[in-house]
Amino acid sequence: MFQILIITSLVALAAGSSSCPPAFSNKCICGRQDYSGDHYVVNCSYTGFTDASMLQRLPPETEVLIFRGNNVSELPVNIFGIHNNTKLKIVDMTGNHIKLIRGKTFHHVSNVQRLILNHNDISISSDNPTEHHPRLFSNFENLEELHLTDAFADNTPEDLAADLHDIFVSSELKKLKKLHLEQNEIFQFDDEQVFCDLPSLEDLHIGQNNLHGVSFNITCMKNLRFIDLESNSIYTLTPKERARLDEAVTSRQHDLEIDLSNNPLSCNCEDIYNWLNSTKVDVRNKNKLHCIQSNQYKLPECNAKLIKMQPLIIDSNSYFLTSLLFLALCASLALNIYSHRSRIEQTLVPAFHSVTKKVHYTSITKSELPEMDV
C-alpha cells in the first residue's frame, strides 16, 4: 500500500506540481484527485521536508491533506495558518518522526473528521510540561476518527494510558466514533473511566499492546460496537471482566463484538470455554483462539477434561535432537566397549561360566526330586 502511494505521488508530481502555492517548493501535488471520492487533495508524501511551515499556506479549497514520510520532529503553532479551513476533512501525518505537538498546533480545524498520526514518536508525558498538552485535540470539534497506531515514543512510561485519559477528558471529543491505539506498548488502564469521555465511540482498537485484560469500564460507552484486543497478553478473562462484557450487551440495543485472537490464553480454560458458548457477546475469529500449552489445540476444543486427555506433543525439531543425542550415546558406548574388549572378556567370561554351572546343577537337583503320589 505504501509503495503504491509513493509511486502514485511521484507520477502526480511529474504531471503537475506547479498547481501548489510557491511555499511548497514544487515538491507537492495540489488538485482534485480520487481519494475515496473526488476531493481536492494536497499530497506532500516522502518529499524530504524537515519542517511543516508551508502548511500555513494550504490552499483554502483543500479537503484532504496527506503529509507522510517526512522528517518533522516538531509541529509549529497554527500549523494550518490563521484562517478557518472550513473544507478540510482529512489530515494524514503518518510516519514523520513527530516528537512534539504544541498545545496551539491545531487551530481552525473544526470540520476535520479524520486525523491520522500513525507511526510517529510523540511524547505526551505529564512529567514534562513542555510535552503534555491535555487540550491537544480540543479544536477538532467534528472529529470522528483518531488514528494513533504506534504514534508514541518507544519505551513510553507506563502512565501513557493516564496521559491519554487527560487528553480525552480535556479535548471533549464528543463525536469520536473510531479510536486506534494499536502498537503503543500499553500495559494497563489504571483508570477504569479512561474512555468514558468518548460517548459516541463505536470502534475501539487496542490490539498489539501488552494488556492483560479488559480493565476499563465498557458500560459507560453506550454506542460501543467493537473492541479489538488481538495480540495482547491476555491469559484469561476474570469473572468481573466477563460479567462486564455481558452487562454491556444486555444494556444496549445493538451487538457487541470483541476480537481475542492471538492472545496466550490459559489451557486450563473451562471457565472461558463455557463463557464463549453462553455469552451474547459476538467473539470474532473463534477459530484463531489458541491456548498456550500448544498451538495445536484451538480454544473451543480446549476444556479442562480435554486438556487432561491430550497427548504430549513433541515437535519435529525436538524429535530430531532427541534422536541425534540417542545415536551419539549408542556410538559412544559401542566405542568404549570395543576399546576395552580384552578386559571385559577377561571379567565376563569366567563369570558367565560360573553362572552357567550353577544353573546346570540346580536343574539336575530339581529333576531328581521324587514325584508325590496324589
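Our subject is the structure that appears above.
Residues numbered from 1 in each chain as written. Predicted model: local features only at pLDDT ≥ 70, side-chain atom pairs only at ≥ 80, totals over all residues. Heavy atoms only, no water.

Asks: Run through the overall build of the protein, naming residues and quoting values.
Replies: The number of helices and strands found in the protein is 7 helices and 13 strands. Put simply, the protein has 374 residues, and 40% of those count as buried. By sequence separation, contacts in the protein at least 24 residues apart represent 67% of the contacts at least 6 residues apart. (Helix = DSSP H or I, 4+ residues; strand = E, 2+ residues; numbered from the N terminus. Buried < 20%, exposed > 50% of the residue type's maximum accessible area, 1.4 Å probe, protein only. Contact = heavy atoms within 4.5 Å.)

Asks: Please set out the sheet that holds strand 7 (residues 114-116) residue by residue, giving values where relevant.
Replies: With mixed pairing, 11 strands are arranged side by side in an open sheet as 1-2-3-5-7-8-9-10-11-12-13. Every other strand in the sheet has two partners, leaving strand 1 (29-34) and strand 13 (282-284) as the edge strands with one partner each. Across the sheet, the mean angle from the axis of one strand to that of its neighbour is 10 degrees, orientation sign disregarded. Bridge count for strand 1 against strand 2 (residues 38-43) is 6 bridges, and the pairing is antiparallel. Along strand 2, the bridge assignment pairs Asp 34 with Asp 38. (Pairing = 2+ DSSP bridges. Axes fitted to C-alpha atoms, helices over the stretch in contact; angles between N-to-C directions.)

Asks: Describe the state of the cysteines, listing the residues and the values that go with them.
Replies: Under the criterion given, the structure shown has 3 disulfides. Two residues share a disulfide in this structure: Cys 20 and Cys 30, whose sulfurs sit 2.0 Å from each other. Taking the sign of the S-S torsion, 105 degrees for the link of Cys 20 and Cys 30, the bridge is right-handed. Of this pair, Cys 20 sits in the loop between helix 1 (2-16) and strand 1 while Cys 30 sits in strand 1, placing them 10 residues apart in sequence. By relative accessible area, Cys 20 is classed as buried at 8%. Through a disulfide, Cys 28 is tied to Cys 44; the S-S separation comes to 2.1 Å. Where Cys 28 bonds to Cys 44 through sulfur, the torsion about that S-S bond is close to 115 degrees, and the disulfide is right-handed. Pair noted here: Cys 28 is in the loop between helix 1 and strand 1 and Cys 44 is in the loop between strand 2 and strand 3 (64-66), with a separation of 16 residues, a long-range link. (Disulfide = S-S within 2.5 Å.)

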